[in-house]
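A structural walkthrough
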Amino acid sequence: MYNKLQYISQGNTVEEQLYNIHQALDNGCDWIQMRFKNQNALEVFALAEAVKFLCEEYLAVFVINDNVHLAQQLNADGVHLGLSDMNVAEARVLLGKTKIIGGTANTFDDVLQKTAENCDYIGLGPFQFTTTKQNLSPILGLEGYRTIIEKMKMKKIQIPIYAIGGITLENVKSLMETGIYGIAVSGLITQSEKPSQLITQINDNLYVTI
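What comes next is a walk through the structure. Numbering of residues starts from 1 in every chain and runs along the sequence as written. The model is predicted, so local features are restricted to residues of pLDDT at least 70 and side-chain atom pairs to those at 80 or more, both for listing and for counting; the totals for chains, interfaces and linings are taken over all residues. Each side-chain value is derived from all of the structure's non-hydrogen atoms; neither hydrogens nor water enter the calculation.

Regarding the side chain of N106
For N106, the position within the fold is in the loop between β5 (100-105) and α5 (108-116). In this scheme, a residue with accessible area under 20% of its type's maximum is buried, one over 50% is exposed, and one in between is partly exposed, where area comes from a 1.4 Å probe on protein chains only. For N106, a relative accessible area of 8% puts it in the buried group. At 2.9 Å, the side chain of N106 forms a polar contact with the backbone oxygen of P138. Note on contacts: a residue pair is in contact if any heavy atoms of the two residues lie within 4.5 Å. In this structure N106 touches L124, G125, P126, S137, P138, L140 and I148, once residues within four positions along its chain are discounted. Helix and strand assignments come from DSSP, with helices taken as H or I runs of at least 4 residues and strands as E runs of at least 2, each series counted from the N terminus. Polar contacts, as used here, are pairs of N or O atoms within 3.5 Å; protein pairs need one atom able to donate a hydrogen and one able to accept it. Residues neighboring in sequence count only if both atoms are side-chain atoms.

With respect to the packing of aromatic side chains
Working definition: a ring pair exists when centres of Phe, Tyr or Trp rings (six-membered ring for Trp) sit within 6.5 Å. Plane angles under 30 degrees give stacked, over 60 give edge-to-face, the rest tilted. Counting across every chain of the model gives seven aromatic pairs. Ring plane angle 90° and centroid distance 5.5 Å describe the contact between Y2 and W31, whose orientation is recorded as edge-to-face. Taken together, the residues Y2 in the segment before β1 (5-8) and W31 in strand β2 (residues 31-34) connect sequence positions 29 residues apart. Classification of Y2 as partly exposed rests on a relative accessible area of 21%.

Let's talk about unusual backbone geometry
In this chain, G125 is followed by P126 through a cis amide linkage whose omega measures 5°. Here P126 is to be found in the loop between β6 (121-124) and α6 (141-154). Its identity as a non-glycine residue notwithstanding, N38 has a phi of 50°, on the positive side.

What follows is the structure in structure tokens.
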């Protein structure tokens, strides 16, 4: 099954991105989602090529945010699609049945739509305020996750749900208690002064049997 911790890359330059991704991998993160928005296509390709090599070296999952064609071109492990990106069915045609296709959701209706499109996991959020993303969707909080997970159970919907958006170490245990599968974080790892210790602590909370 999938890793419960995803690192969503940060950095304004190829060098910053690579440094942050390398740090995450080096300190025990096994799933990288490369997110490098509004950048020169050549730089995005160069970064993706380097990250693919790094992820292969560390035996980590490599998913590209939004860019289905780049994921196809580099034979990445998969792609993560936002609400306004290509739909899952189209991406599946391009990438094939074996690749991971994740989708973003903010509401239960979004979850229904992404499930109907047969995506492999859902990034549900935001949990709380985050500066990582512009045009932030309505904040869910713990109660929002509980409500959506309960509705999923009633509808017998089974798909891995990753919480995302402003998550801190102190939030992880209570988020897992809502019934989600895992978490996707960026700033929490990027800004950590002790990433190895942090990732160990996160995993301790993610893999506790509730």
